[in-house]
Amino acid sequence: MAWIELENITKNFGKVSVIKNLSLQIEKGEFVSILGPSGCGKTTLLRLIAGLEVADKGKINIAGTDVTFSPPNVRKIAMVFQNYALYPHMTVFKNISYPLFIKKIPADEIKQRVNTIADNLKISPLLDRYPQQISGGQQQRVAVARAMIQTPNVFLLDEPLSNLDAMMRIEARGFLKYLLDKIGTTTIYVTHDQSEAMALANRIVVMQNGIIQQVGSPKDIYDKPSNIFVASFVGNPPMNLLQATINSTQVKIGDQYLDIKESITNLRKPLQNGKVYLGIRPEHISIYHEDSKNDGPIVEGEIFVSEPLGFETIITVIVSDQQIKVIKFGGSKNLKPGEKIKLQFKKNKIYIFEFETGYRINEIQGDDYDDH
Amino acid sequence: MNKIRVSSAINYIFLSVVAAFFIAPVIWLFVTPFSNSPSLSISLGTPTLENFGSVFQDPAAIYSFGNSVIIAVGVTLATVICASLAAYIFSRYHFHGSNFLIFILILFSNIVSGTAAMVPLYMLNISLGLINSYLGVILTIAGGGIPTSIFILKSFFDSIPKSYEEAALVDGSSYSQMLFHIFLPLSKKGIIVIATLSFISAWGNFLIPFILLSSQRTYPASVTIYNFYTEMGLPNIGLISAYALLYTLPVIIGYLVVNKIFGFSFYGGIKG
């Protein structure tokens, strides 16, 4: 039996169906990230696990106990809220010690445990202050400390980094990963930021409209997206999706024919009317020169704009009225808007998605994560 | 330029008259009790404490203060307990028709505590056997004040983010621990404001105790003051003014203390 089991969970708010017959299993010690756009039901899912909402249908098990209808205080969970929810009338020390105080743990033990955790999180000098008197990054650490002071069955984190500015966020992300790895407690982390999910989790659950779109390791989600939604949600910039028509050997984008025999050998489903989306990630496209080795199909286009970002350059190219984003590493000389350019798609990185349903229909070969 | 001067002079004269209209009774209240010849005009004469002496010699004057305290404290307790529990539900759970219910309550509370409903209220108190009892007075005054208090407390509670309570539950507290350790401390300002307002309104209420209580022994100060006459049947102004000043003091002190500790402001939006 898995450590956390969600079985056919349904949750409606009035007439709005937020979670639709969702099942998910999480093993002990896993770090699972629930990823999706706002309004996809990811926070509701977390609140259902916390007991702050009650499911309309379905069952929730935590650590072998059915907690479907249990209040939050008996579930042995710890949660970090998006706005941290630090009690404004208590000092940082009181905030961190609150879960222990409620359990009537002796004062000297509380003091010792709070001091240990404050040392770990480098917030010892703040213990006498009030939450309003410390910065956002410090508040986030206090909220994490309050969660970590317990030994919960599961840590629930609801977009804990979203209130921090961009610089702080990267720093806090690394620190959070370090901490949670060290403790090894099962963690569920809700975010709308795909880079956070990729950076932190062992396993990512991608959600949209209350339905799980795909569950897998970050690498699986990235390399083998099961549909257009996952493909376009994960990755920055996201995967290029081009409308195309296809037959058994080649694909047609606008009036250009691409030879993609190898990408369509392992179809899970026979091609129907030939309309598909062709997906290719920006980093799997290279600029083709006469002396490049023949590594995949080539399309011609016109540079629309190029955005140098220092280390890499994002080039937007118009190919038969559709935009393609390309990441080029190194300099961006000779990339003037309006110029003609040839692009080569890496042949084993081409994705074919069914036009009607958006599901990927070709098998992706190879296991290489990143080989430019 | 001249025109402006003239018009501002007229303004000042007009405002002075209005101000005098409001200030004069207050000056009277503070001057007359210390006068040896109290009258309806503001004149100190020779300062004396004699008027206060006669208040303390009148047993009715003393125990009616006690009655006022019993009624005002009772109303305050009933209002604070009922209004904060109800306001919490109205603030945190939205059920069908909840806004309409608050609207109706406020509408009818103004009628209930008003003069128009005195006859039915009297009948109700008789049939409940509450006539001539403190409980009847307390319930009637509180019943009039609770809906408005619910409304004020609800908007106050609305401004306290729900995530504090959720965090407390997740941190392992039971609902009652959450209430006492988190929610009440966060909302104490609003509750103290409501307590003060309902104490003051009960302390000053004349009509309801006057109608529902029939024995002098149970009259609160607001009704007793109405009964101070000389043997000649004229109002005893010295006694009335001294008593009025004593009667006002708890309210003034209450306002000052609360204002010093909390300040009268309705805010609870504590940023997380």
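Residues numbered from 1 in each chain as written. Chains lettered and ligands numbered in written order. Predicted model: local features only at pLDDT ≥ 70, side-chain atom pairs only at ≥ 80, totals over all residues. Heavy atoms only, no water.

1. Re the pattern of salt bridges
All names here are of chain A.
Moving on, step 1. In this structure the tally under the stated criterion is eleven salt bridges over all chains.
Moving on, step 2. Residues Arg47 and Glu53 are paired through a salt bridge, measuring 3.1 Å at the closest nitrogen-oxygen approach.
Moving on, step 3. Given a relative accessible area of 16%, Arg47 falls into the buried group.
Moving on, step 4. In this structure Glu53 comes out as buried when scored by relative accessible area, which is 17%. (Salt bridge = Lys/Arg side-chain N within 4 Å of Asp/Glu carboxyl O. Buried < 20%, exposed > 50% of the residue type's maximum accessible area, 1.4 Å probe, protein only.)

2. Overview of helix H1 (residues 2-31) of chain B
Moving on, step 1. Relative to the 44 Å expected for 30 residues at 1.5 Å per residue, H1(B) spans 40 Å between its end C-alpha atoms, a close match to the ideal helical length.
Moving on, step 2. The largest bend along H1(B) reaches roughly 35° and is located at B:Ile23, with the proline B:Pro25 sitting one to four residues downstream. (Helix = DSSP H or I, 4+ residues; strand = E, 2+ residues; numbered from the N terminus. Expected span 1.5 Å × (residues − 1). Bend = angle between axes of the 7 residues up to and from the residue.)

3. Some words on the domain arrangement of chain B
Residues and elements named next belong to chain B.
Moving on, step 1. In terms of domain boundaries, chain B breaks down into domain 1 (1-48) and domain 2 (60-261).
Moving on, step 2. Averaged C-alpha coordinates put domain 1 and domain 2 at centres separated by 33 Å.
Moving on, step 3. Counting from both sides, the interface comprises nine residues of domain 1 and, opposite them, eight residues of domain 2.
Moving on, step 4. Buried area between domain 1 and domain 2, both sides added, is near 660 Å², and the carbon and sulfur share of it is 89%.
Moving on, step 5. For the pair domain 1 and domain 2, the interface holds zero salt bridges.
Moving on, step 6. Linking domain 1 to domain 2 there are zero residue pairs in polar contact (both at pLDDT 80 or more).
Moving on, step 7. Considered class by class, the residues forming the side of domain 1 that touches domain 2 number seven nonpolar, two polar and no charged. (Domains from an automatic or database assignment. Contact = heavy atoms within 4.5 Å. Buried area = accessible area lost by both parts, 1.4 Å probe. Polar contact = N/O pair within 3.5 Å; in protein donor to acceptor, adjacent residues only side chain to side chain. Nonpolar A, V, L, I, M, F, W, Y, C, P; charged D, E, K, R; others polar.)

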